[in-house]
Amino acid sequence: MVDEVAIGFDPGLATTGYGVVQATLRGWHVLAGGVIETPANHPRADRLQTLSAEARELVVLYRPRGIAVEEVYFATNAKSAMRTAEARGAILVASAGFSVRGYTPLQVKKRITGYGRANKAQVQAMVKRLLALSETPRPDDMADALALALCYLLDLRSPGGTDDVYL
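Summary of the structure given here. Computed from a prediction, not measured in an experiment: that's the story for all the values here.

**A closer look at the packing of aromatic side chains**
If you walk through the whole model with that rule in mind, you get 0 aromatic pairs. The cationic tip of Arg101 hangs over the ring face of Tyr152; the distance from NZ or CZ to the ring centre is 4.8 Å.

See below:
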């Protein structure tokens, strides 16, 4: 697993975080990170199209070994959960032709920190350490996306690690 690239996406209709991480013999390196934002005053279909198009640009540019997308999990606000699920769908469309894995927040916490109930600050501190960053990645959406990309690369390193899709 040398010079493998993974892209992580933390989906949201208003803001989707992304992180591109490369695994080399010297460790992991951030190639890119940021957020894709869609204007609240635009029709939802247009926002989803924008999200999908910008995510596809990243996928085409970096040609990753795989893509990690956060799973939609139980939420108290059904409206918010539906919009997150729609954003996730837009990212999946953008990921066509590439290996995609879904990770729940609990799985991300466990893989990154070793503890499934870690708080956000603990996950961010570990991402900072694993990626040898001088500062904690910001905003939170980007930090979460970097953690997702790391999960994909960590899974490749594990015994029997494959590109199997398990969405």
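Next comes the rest of the account.
**Here's the deal with the packing of helix 3 (residues 105-113) against helix 4 (residues 120-130)**
Across the interface, helix 3 lies against helix 4 with an axial gap of 9 Å and an inter-helix angle of 45 degrees. The angle between helix 3 and helix 4 places the two elements in the oblique class. Helix-helix and strand crossings are classified by hand; for helix 3 and helix 4 the assignment is left-handed. Facing helix 3, whose interface residues are Lys109, Ile112 and Thr113, helix 4 presents Gln122, Val123, Met126, Val127 and Leu130. Each residue belonging to the contact of helix 3 with helix 4 can be placed in one class, and the counts come to 5 nonpolar, 2 polar and 1 charged.

**Quick notes on the sheet that holds strand 5 (residues 99-103)**
Strands in a sheet are paired, the pairing made by backbone hydrogen bonds, and the direction either parallel or antiparallel. What the 5 strands build is an open sheet, ordered 3-2-1-4-5; its pairing is mixed. Of all strands in the sheet, those with a lone pairing partner are strand 3 (27-37) and strand 5, marking the two edges. Going across the sheet, the axis of each strand differs from the next one's by a mean of 20 degrees, ignoring polarity. By the bridge criterion, 5 bridges tie strand 4 (residues 66-70) to strand 5 in an arrangement that is parallel. For Ile67, the partnering residue across the bridge sits in strand 5 and is Val100. Here helix 2 (residues 78-94) sits on the sheet in contact with strand 1 (4-10), strand 2 (15-24), strand 4 and strand 5, set at roughly 175 degrees to strand 4.

The rules behind these values
Residues numbered from 1 in each chain as written. Predicted model: local features only at pLDDT ≥ 70, side-chain atom pairs only at ≥ 80, totals over all residues. Heavy atoms only, no water. Phe/Tyr/Trp six-rings, centres within 6.5 Å; stacked < 30°, edge-to-face > 60°. Lys NZ or Arg CZ within 6 Å of the ring centre and 35° of its normal. Axes fitted to C-alpha atoms, helices over the stretch in contact; angles between N-to-C directions. Helix = DSSP H or I, 4+ residues; strand = E, 2+ residues; numbered from the N terminus. Parallel < 35°, antiparallel > 145°, perpendicular 65-115°, else oblique. Left-handed = near helix turned anticlockwise from the far one by under 90°. Contact = heavy atoms within 4.5 Å. Nonpolar A, V, L, I, M, F, W, Y, C, P; charged D, E, K, R; others polar. Pairing = 2+ DSSP bridges.

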